[in-house]
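Here are the chains, one letter per residue:
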Amino acid sequence: MKKKIYKITALLLATALMVMGCGSAKSGKESSDSTNSSAQTSSDNSDSKKAEAPQIDGLTYESTMDLTYAQEFDVFYYKEGYKLIDVHEGRQYLIVPEGKEAPEGLDEKIIVIQQPIQNIYMAATAIMSLFDALDAIDTVKFSGLEASGWYVESAKKAMESGAMTFAGKYSEPDYEKIVDGDCKLAVESTMILHSPKVQEMIEDLDIPVFVDYSSYESHPLGRTEWIKVYGAMLNKEKEAEAFFDDQAKVIEELKDFKNTEKTVAYFYINTDGSVVVRKSDDYIPTMIEIAGGRYVFKDLKNSEGNAPSVKLTMEEFYATAVDADYLIYNGTIDGQVSSLGDLEAKSNLFAEFKAVKDGNVWYTGKNLYQATDTVGELISDIHLMLTDGDASQMTFLEKMK
């Protein structure tokens, strides 16, 4: 314990030096590139769900997890309970069963996660709902949100009871608390790529960091299928499969909505005044299509990488979205916009938008981001919006007035 306390002290000093200008943070893309494992497969994982299993000295491959929609990860099974999670945009993680050890000579770029996985620091708040669906909230001891910030009821109750405690947000974790609490794993969203020094500091404390890339999926069920990743970590594959199958049935029941051909823009205004939208092959535009609408940006890509969000100037956004039939403001990121007055305060150009003039502007509540486990509700909400349905039946959307 003294050794770890010394490490914390040293790391905090390093942070202070960093703030004063020593060291520079890598971009998310550079961080991802620098941490890709050399245990590559012979096929392109990004384009093929049936990737070839990496050969690991000392382990014997058995099978590959079946995936239906997810394209951003694979799970490979080896004899004696070993599993390799390959996150295509990020790194590879070897899950080592309880009582076993990682094989000798393992590539140092492969992150070892030792079972049983307990006392997790959950900094990727969108993933808590998947742990809840797996009945695995008890494996999470540290939260990246205060109790008041949770919409996942079981997480809120765990914090109120003291079973789970706040350990700082993802960019400012309480290192001493997570070390004293014997944290075995930190689960982070891709936001951690903007704070690479924090990730390094956690890993220097011998706590593995798993970065969740579920937001990079192009289909809403691909995002939900990430429950299988956590099912593999926690030996709850059957529960994960059953939950995913139930969600797939929900989407199957919604897929026959007739398309209205009405156009929808989904966005929020960043603090720097830019407009943040989703690229065209993201899961949000897919939801809009399933609901019976057309995403207003037909072929929008991210020129800087594979991240799901694209920043536009207000003028660029105006050029395409001014004639959109509906605007949906992403309130999960910026919860300060809930009225047309709030929206026009961001830019007076909004007064010229067709959707504003027609009164067809909606916003999502902050609870949407934590609802990774329920993909059907937002699709139903958008369908109701497009067909002038009963707004009282909506779960996530509210109309701006």
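Residues numbered from 1 in each chain as written. Predicted model: local features only at pLDDT ≥ 70, side-chain atom pairs only at ≥ 80, totals over all residues. Heavy atoms only, no water.

The name an unreviewed UniProt entry gives the protein chain is ABC transporter substrate-binding protein, with Dorea formicigenerans as the organism. For the protein chain, the Sequence similarities (unreviewed entry) comment in UniProt is given as "Belongs to the bacterial solute-binding protein 8 family." (UniProt positions renumbered as here; feature names shortened; annotations may be inferred.)

(A) Layout of helix 9 (residues 237-254). Look at helix 9: 26 Å from first C-alpha to last across 18 residues, which is about the 26 Å you get at 1.5 Å a residue. Here helix 9 has its buried residues at A240, F243, F244, Q247, I251 and L254. The buried residues of helix 9 occupy an angular sector of 95° when projected down its axis, which confines them to one face. Facing away from the buried side of helix 9 by over 90 degrees, the exposed positions are K238, K249 and E253. The inward-facing, buried residues of helix 9 contact helix 3 (128-133), helix 7 (220-224), helix 8 (227-233), helix 10 (283-291) and helix 14 (376-386). (Helix = DSSP H or I, 4+ residues; strand = E, 2+ residues; numbered from the N terminus. Expected span 1.5 Å × (residues − 1). Buried < 20%, exposed > 50% of the residue type's maximum accessible area, 1.4 Å probe, protein only. Arc of directions from axis to C-beta. Contact = heavy atoms within 4.5 Å.)

(B) A look at the pattern of salt bridges. Following the criterion strictly, the structure yields 15 salt bridges and no others. Here E289 makes a salt bridge to R294, at a shortest N to O gap of 2.6 Å. (Salt bridge = Lys/Arg side-chain N within 4 Å of Asp/Glu carboxyl O.)

(C) Up close: the nonpolar core. F210, M233 and F317 are the most contacted members of the largest nonpolar core, which has 118 residues in total. Taken domain by domain, the makeup of this core includes at least three residues from each of domain 1 (61-251) and domain 2 (257-399). Sequence-distant contacts of F317, that is, excluding residues within four places in its chain, are made with A265, F267, V275, V277, F297, L312, V322, F350 and F353. Formed by twelve residues, the second largest nonpolar core is a distinct cluster that contains L59, Y82, L84 and I110. (Core = buried A, V, L, I, M, F, W, Y, C linked by side-chain atoms within 4.5 Å. Domains from an automatic or database assignment.)

(D) Representation of the packing of aromatic side chains. Across all of its chains, the model carries 16 aromatic pairs by this definition. Aromatic side chains Y93 and F210 sit 4.6 Å apart centroid to centroid with 55° between the ring planes, which places their arrangement in the tilted category. Residue Y93 is located in strand 4 (residues 92-96), and its partner F210 is located in strand 10 (residues 209-211); the two are separated by 117 residues in the primary sequence. Comparing Y93 with F210, the two get one shared label, buried. Summarising the aromatic geometry, the rings of F267 and Y329 are spaced 5.2 Å apart at their centres and angled 85° between planes, so their arrangement reads as edge-to-face. You can see F267 sitting in strand 11 (residues 262-269) and its partner Y329 sitting in strand 15 (residues 326-329), a full 62 residues away along the chain. In textbook terms, an aromatic cluster arises when at least three aromatic residues are bridged by ring pairs, as seen for F267, Y295, F297, F317, Y318, Y329, F350 and F353. (Phe/Tyr/Trp six-rings, centres within 6.5 Å; stacked < 30°, edge-to-face > 60°.)

(E) Region of the structure containing the packing of helix 9 against helix 14. Packing of helix 9 against helix 14 brings their axes to within 9 Å, and their N-to-C directions diverge by 15°. In terms of orientation, helix 9 lies roughly parallel with respect to helix 14. Here helix 9 and helix 14 pass one another in a crossing that is left-handed. For the pair formed by helix 9 and helix 14, the contact residues are Q247, V250, I251 and L254 on the first element and G376, I379 and S380 on the second. Here the residues of the contact of helix 9 with helix 14 are counted per class, giving four nonpolar, three polar and no charged. (Axes fitted to C-alpha atoms, helices over the stretch in contact; angles between N-to-C directions. Parallel < 35°, antiparallel > 145°, perpendicular 65-115°, else oblique. Left-handed = near helix turned anticlockwise from the far one by under 90°. Nonpolar A, V, L, I, M, F, W, Y, C, P; charged D, E, K, R; others polar.)

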